[in-house]
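Architecture at a glance
For reference, the chains in residue letters:
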Amino acid sequence: MSIAIQIRLATQADVLCLSVLATQVFLDTYATAGIRPAIAKEVLNSFSISAIAGLLEQHNTFFHVAERDGHLVGFSQITFGTRQELVTDTHPAELDRLYVQEPFTRMGLGGQLLHTAETSAARHGADVMWLTPWVHNNRALQFYARQAYTDIGSTHFFMDGEAHENRVLCKQLSR
């Protein structure tokens, strides 16, 4: 199925929809057993309107949104210069999030958003893109393997004091 999607840089006008879209995709992915306090706190802290607006104001963070007929259906978030101990390149960019609303998955949209993020990162001088997907997010791990990302080790994401294992993936970028 081919759908007409426009990918563009996000603006402050997108904050409300980014906040809700991020919440929806996060909960669909990580709250499969229901909502508990740690998940609720993470959502409210990370995806509030003020949190997303603050990220958009940072000079080294960029969001690309996928829009269909005026509706946001996905986004990528990259941050330049973020360090990770297993990534030794001198000019890294972190793919903080690549979220696609479930009805629009498996249509190539994730690949389009990722390619846009990689191209943007390389244009801004990054030599590597890295990310840390959850070890139990098999769909994401398989997706990034197909996109030539290499698994270089593990790290942990802490949510309300709980440690959750994540994999560290990276890909060299052409500048």
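Below or above, wherever it landed, is the structure these notes cover.

Basis of the calculations
Residues numbered from 1 in each chain as written. Predicted model: local features only at pLDDT ≥ 70, side-chain atom pairs only at ≥ 80, totals over all residues. Heavy atoms only, no water. Buried < 20%, exposed > 50% of the residue type's maximum accessible area, 1.4 Å probe, protein only. Helix = DSSP H or I, 4+ residues; strand = E, 2+ residues; numbered from the N terminus. Expected span 1.5 Å × (residues − 1). Contact = heavy atoms within 4.5 Å. Phe/Tyr/Trp six-rings, centres within 6.5 Å; stacked < 30°, edge-to-face > 60°. Pairing = 2+ DSSP bridges. Axes fitted to C-alpha atoms, helices over the stretch in contact; angles between N-to-C directions. 1 Å grid on protein atoms, 1.4 Å probe; cavity = no way out; pocket = protein on both sides within 12 Å on 5 of 7 lines; lining within 4 Å. Points joined across faces, edges and corners; volume = space filled by probe spheres on them. Nonpolar A, V, L, I, M, F, W, Y, C, P; charged D, E, K, R; others polar.

As a further point, take unusual backbone geometry. Here the phi dihedral of Asp69 falls at roughly 50°; this positive angle occurs in a residue that is not glycine. The exposed category is assigned to Asp69, whose relative accessible area is 66%.

This paragraph deals with helix H1 (residues 15–30). The end-to-end C-alpha separation of H1 is 22 Å, in line with the 22 Å expected for 16 residues at 1.5 Å each. Listed as buried for H1 are Val15, Leu18, Ser19, Leu21, Ala22, Thr23, Val25 and Phe26. The secondary structure elements touched by the buried residues of H1 are helix H2 (37–46), helix H3 (49–57), strand E2 (61–68), strand E3 (71–80), strand E4 (92–100) and strand E6 (150–159).

On to the packing of aromatic side chains. Inspection of every chain in the model, using the stated rule, returns nine aromatic pairs. Three or more aromatic residues joined by ring pairs form one cluster here, namely Phe26, Tyr30, Phe47, Phe63, Phe75, Tyr99 and Trp134.

This part is about the pairing of E6. Bridge count for E6 against strand E7 (residues 162–172) is nine bridges, and the pairing is antiparallel. By the bridge assignment for E7, Phe158 is matched with Ala163. Turn length for the E6-E7 hairpin, with the two strands adjacent in sequence and antiparallel, is two residues, and the turn residue Asp160 shows positive phi of about 55°.

As a further point, take the sheet that holds strand E1 (residues 6–9). Taken together, the seven strands give an open sheet; going across it, the order is E1-E2-E3-E4-E5-E7-E6, and neighbouring strands pair in mixed fashion. Here the strands that pair on one side only, and so sit at the sheet edges, are E1 and E6. Within this sheet the neighbouring strands show an average axis-to-axis angle of 25°, counted without direction. Across four bridges, the pairing between strand E5 (residues 128–131) and E7 is antiparallel. Residue pairing for E7: Met129 is matched across the bridge by Lys171. Along the sheet face, H1 touches E2, E3, E4 and E6 and points at about 90° away from the line of E3. Most of the contacts of H2 go to E6, to which it runs at about 100°, and overall it touches E4, E6 and E7.

Attention shifts here to the layout of surface pockets. As a volume, the largest pocket reaches approximately 1,300 Å³. Every residue lining the largest pocket is counted, 44 residues in all, and those nearest its centre are Tyr30, Leu98, Tyr99, Asn137 and Ala140. Going through the elements one at a time, H1, H2, E4, helix H4 (109–123), helix H5 (138–146), E6 and E7 are the ones with two or more residues in the lining of the largest pocket. When residues of the lining of the largest pocket are assigned to their parent elements, the largest contribution, seven residues, is made by E4. Among the residues forming the lining of the largest pocket, the class breakdown is 20 nonpolar, 14 polar and 10 charged.

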